[in-house]
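Here's the letter readout for the chains.
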Amino acid sequence: QLTMSLNSSALLNEENSQGTKRNTESLESLELQTPSSFQDNPLQQLQLASQEVLEKAKKSGRSKCPRCRSSRMFYCYTCFVPVETVPTKEIPTVKLPLKIDIIKHPNETDGKSTAVHAKLLAPDDVTIYKYPCIPEYKEKRHEIALIFPGSNSVSVKDIAFHLQKYTKKSVGDNDDDCSREPFLKQAKMEPEDKNLNECISCNRNEGTRLKKIIFIDSTWNQTNKIITDERLQGLLQIELKTRKTCFWRHQKGKPDTYLSTIEAIYYFLVDYHQEILKENYEGQYDNLLFFFSFMYTLIKNAKCCAGKE
């Protein structure tokens, strides 16, 4: 994320020109690794609100957070509010179809995280927790899913089918073992003459009962402590496999399908809208990338000017 006047020389020589404290703050240390998709701008087709307010803020430089009075660029990553040079009324607000919990690793640098973008742009639907202070999810696991890759993860389009299994299990968790039978085995108890299309429709309706999605905000090397927490066990896990990251701080040695937090939230919602809600996507969630796309362009331009591309 970005700092100072955000011109090319400031971006690329920030580490040399700033003190140790600033280099560890928010939009400060730019680790300008280049993901494979960096050559093109896949964000240019987004339907975004005017970013003129960010252009003006860039020119005026850092400003004060209206709450903690810290000097920041664009927004305060600890208070989750825009700075004084970025009027809240000029920042778009996105309404989401479900609630989002973001669990942030305690060692994740606040200023490097894109999770704050979600809170800024969808404040009514996004909550950020700092691990280990997270909610208990067990009683609601039939309506909650966790975005995380793994051997048991399913695709977005399969949410409806798999969530029904969790719903059935939640009805009698304390009953005998028969209540824990897999969905496919229980399905055999359904009347044999039940119409197949009716079954499919039922499964789709079950998927719309999903009420909350959990994202882990952490480097991939730090996720193990969170993902193994007993409070997250038993949740349906979903993996996003087809998208490639544009994040300028992409982690070396990791696939380019490992997304930044705000990218993962955005792409999940687009897929959910199409696969589960069965509605045409017309840019409803594009503004979740309002800050991300602006910073992407700034960094890409800075690299071009410095001859790094």
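Our structure is the block above this text.
Remember, it's a predicted structure, so these values are computed and weren't measured experimentally.

Q: I'm lost on the sheet that holds strand β7 (residues 144-147) in this one. Help?
A: Hydrogen bonds between backbone atoms are what pair the strands of a sheet, whose relative direction is either parallel or antiparallel. Sheet architecture is open: five strands sit in the order β6-β5-β8-β7-β9, paired in parallel fashion. The open sheet has two edge strands, β6 (126-130) and β9 (236-238), and neither has a second partner. With direction set aside, neighbouring strand axes in the sheet form an average angle of 25°. In this structure, β7 lies alongside β9, joined through three bridges in parallel fashion. Residue A145 lies in a different strand from β9, and its bridge partner there is L236.

Q: In this structure, what is going on with the pattern of salt bridges? I would like to understand it.
A: Pairing of side chains with opposite charge becomes possible as their charged atoms draw close. Applying the stated criterion across every chain, the model contains nine salt bridges. D125 serves as the salt-bridge partner of K99, at 2.8 Å between the closest nitrogen and oxygen. In this pair, K99 is assigned in strand β5 (residues 99-104) and D125 in the loop between α5 (115-121) and β6, connecting sequence segments 26 residues apart. When its relative accessible area of 4% is taken as the criterion, D125 is described as buried. For the salt bridge of K104 with D110, the shortest nitrogen-to-oxygen distance reads 2.7 Å.

Q: Help me understand the environment of V126 in this model?
A: With respect to the helices, strands and loops of the structure, V126 is situated in strand β6. Considered as a pair, V126 and I213 are 87 residues apart in the sequence and their alpha carbons are 9.8 Å apart.

Q: Is there a simple way to explain helix α11 (residues 290-305) in this structure?
A: Residues lying three or four places apart along an α-helix face the same way, a consequence of the helix completing one turn every 3.6 residues. Along its 16 residues, α11 runs 23 Å from first to last C-alpha, staying within 8% of the 22 Å computed at 1.5 Å per residue. Taking burial as the measure, the 16 residues of α11 include 12 buried ones, the bulk of the element.

Q: Mind showing me how you'd approach the pairing of β7 here?
A: Here β7 shows a buried face lined by I144 and L146 and a second buried face lined by A145 and I147. Bridging between β7 and strand β8 (residues 212-217) involves four bridges; their strand directions are parallel. Bridge assignment links I144 to a residue of β8, and that residue is K212.

Q: I would appreciate a short explanation of the side chain of D125 in the present structure.
A: Looking at D125, its side chain comes within polar contact range of the side chain of K95, at 3.3 Å. Here the side chain of D125 touches K99 through a polar contact of 2.8 Å, side chain to side chain. With residues up to four places along the chain from it excluded, the contact list for D125 reads V94, K95, L96, L98, K99 and I100.

Q: Please clarify how the packing of aromatic side chains should be interpreted in this entry.
A: Each aromatic ring pair is described using two quantities: the centre-to-centre distance and the angle formed by the ring planes. Per the stated rule, a full pass over the model turns up seven aromatic pairs. Between the aromatic rings of F215 and F268, the centroid separation amounts to 6.4 Å while the plane-to-plane angle is 75°, which identifies the pairing as edge-to-face. Of this pair, F215 sits in strand β8 while F268 sits in helix α10 (residues 261-275), placing them 53 residues apart in sequence. Like F268, F215 is buried. Each residue in the set Y75, F290 and F291 is aromatic and connected to the rest through ring pairs, giving one cluster.

Calculation notes
- Residues numbered from 1 in each chain as written.
- Predicted model: local features only at pLDDT ≥ 70, side-chain atom pairs only at ≥ 80, totals over all residues.
- Heavy atoms only, no water.
- Pairing = 2+ DSSP bridges.
- Helix = DSSP H or I, 4+ residues; strand = E, 2+ residues; numbered from the N terminus.
- Axes fitted to C-alpha atoms, helices over the stretch in contact; angles between N-to-C directions.
- Salt bridge = Lys/Arg side-chain N within 4 Å of Asp/Glu carboxyl O.
- Buried < 20%, exposed > 50% of the residue type's maximum accessible area, 1.4 Å probe, protein only.
- Expected span 1.5 Å × (residues − 1).
- Polar contact = N/O pair within 3.5 Å; in protein donor to acceptor, adjacent residues only side chain to side chain.
- Contact = heavy atoms within 4.5 Å.
- Phe/Tyr/Trp six-rings, centres within 6.5 Å; stacked < 30°, edge-to-face > 60°.

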